[in-house]
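A closer look at the structure
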Amino acid sequence: MEEYMERIRVLDALEQQAMGLSRMLTTYTDRLQERLEQRIDIEASSAAVTLTSIKNLEASVMKAVEQRRLLIQRCQQLDQDMNGVQAMSDEVQGIKQLLDVMEYAKRNN
């Protein structure tokens, strides 16, 4: 009988240990699930930030490209305008030379 009681005590102790291990395992898996959910939230936030950054970069690049295109267009227009200024400068230079010749001739007469 005593042996029977000893076996029951051993079985009770094993059952208590199994229940303790079960609680520990449940706690561990709950914490693991919480951490996985946090990781998923962090990854989702990171993906959202990355997407926003890419969109902002795209907008900045597009704006820079448009500004460069406008700058090139304005430079080309300025080149065309300067052609007229250069021609006028040549004419003024020619007139100045003629005036210098006329003044020289007037002094020498």
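The structure this text deals with has already been given above.
Reference entry: report on the structure contained in this document. (Residues numbered from 1 in each chain as written. Predicted model: local features only at pLDDT ≥ 70, side-chain atom pairs only at ≥ 80, totals over all residues. Heavy atoms only, no water.)

Side note on the overall build of the protein chain
- Helix and strand counts for the protein chain come out as one helix and zero strands.
- For the protein chain, the C-alpha radius of gyration of 46 Å lies well beyond 13 Å, the compact-globule estimate for 109 residues.
- When its C-alpha atoms are laid out on the principal axes, the protein chain stretches across 155 × 20 × 10 Å.
- Taken across its 109 residues, the protein chain has 1% of its residues classed as buried.
- When the accessible area of the protein chain is evaluated, it comes to approximately 10700 Å², of which 59% is carbon and sulfur surface.
- Of the side-chain charges in the protein chain, 14 are positive and 18 negative, and the distance between the mean point of each set is 9 Å. (Helix = DSSP H or I, 4+ residues; strand = E, 2+ residues; numbered from the N terminus. Rg over C-alpha atoms; globule rule 2.2 N^0.38 Å. Buried < 20%, exposed > 50% of the residue type's maximum accessible area, 1.4 Å probe, protein only. Areas by Shrake-Rupley, 256 points an atom, 1.4 Å probe, with all protein chains shown as cover. Lys, Arg positive; Asp, Glu negative; His and termini not counted. Charge placed at Lys NZ, Arg CZ, Asp CG, Glu CD.)

Digging into the pattern of salt bridges
- With the rule as written, the count across this model stands at six salt bridges.
- Here Arg9 makes a salt bridge to Glu6, at a shortest N to O gap of 3.0 Å. With a gap of three residues between them, Arg9 and Glu6 both fall in helix α1 (residues 2-108), about one helical turn apart.
- Using a relative accessible area of 48% as the deciding quantity, one classes Arg9 as partly exposed.
- Residue Arg107 pairs with Glu103 through a salt bridge whose shortest N-O separation is 2.3 Å. (Salt bridge = Lys/Arg side-chain N within 4 Å of Asp/Glu carboxyl O.)

Some details on a negative patch on the surface
- Taken together, the side chains of Asp30, Glu34, Glu37 and Asp41 define an acidic patch exposed on the protein surface.
- Looking at where Asp30 falls in the secondary structure, it is placed in helix α1. (Patch = residues over 30% accessible without salt bridge, like charges linked within 9 Å, V, L, I, M, F, W, Y side chains within 5 Å.)

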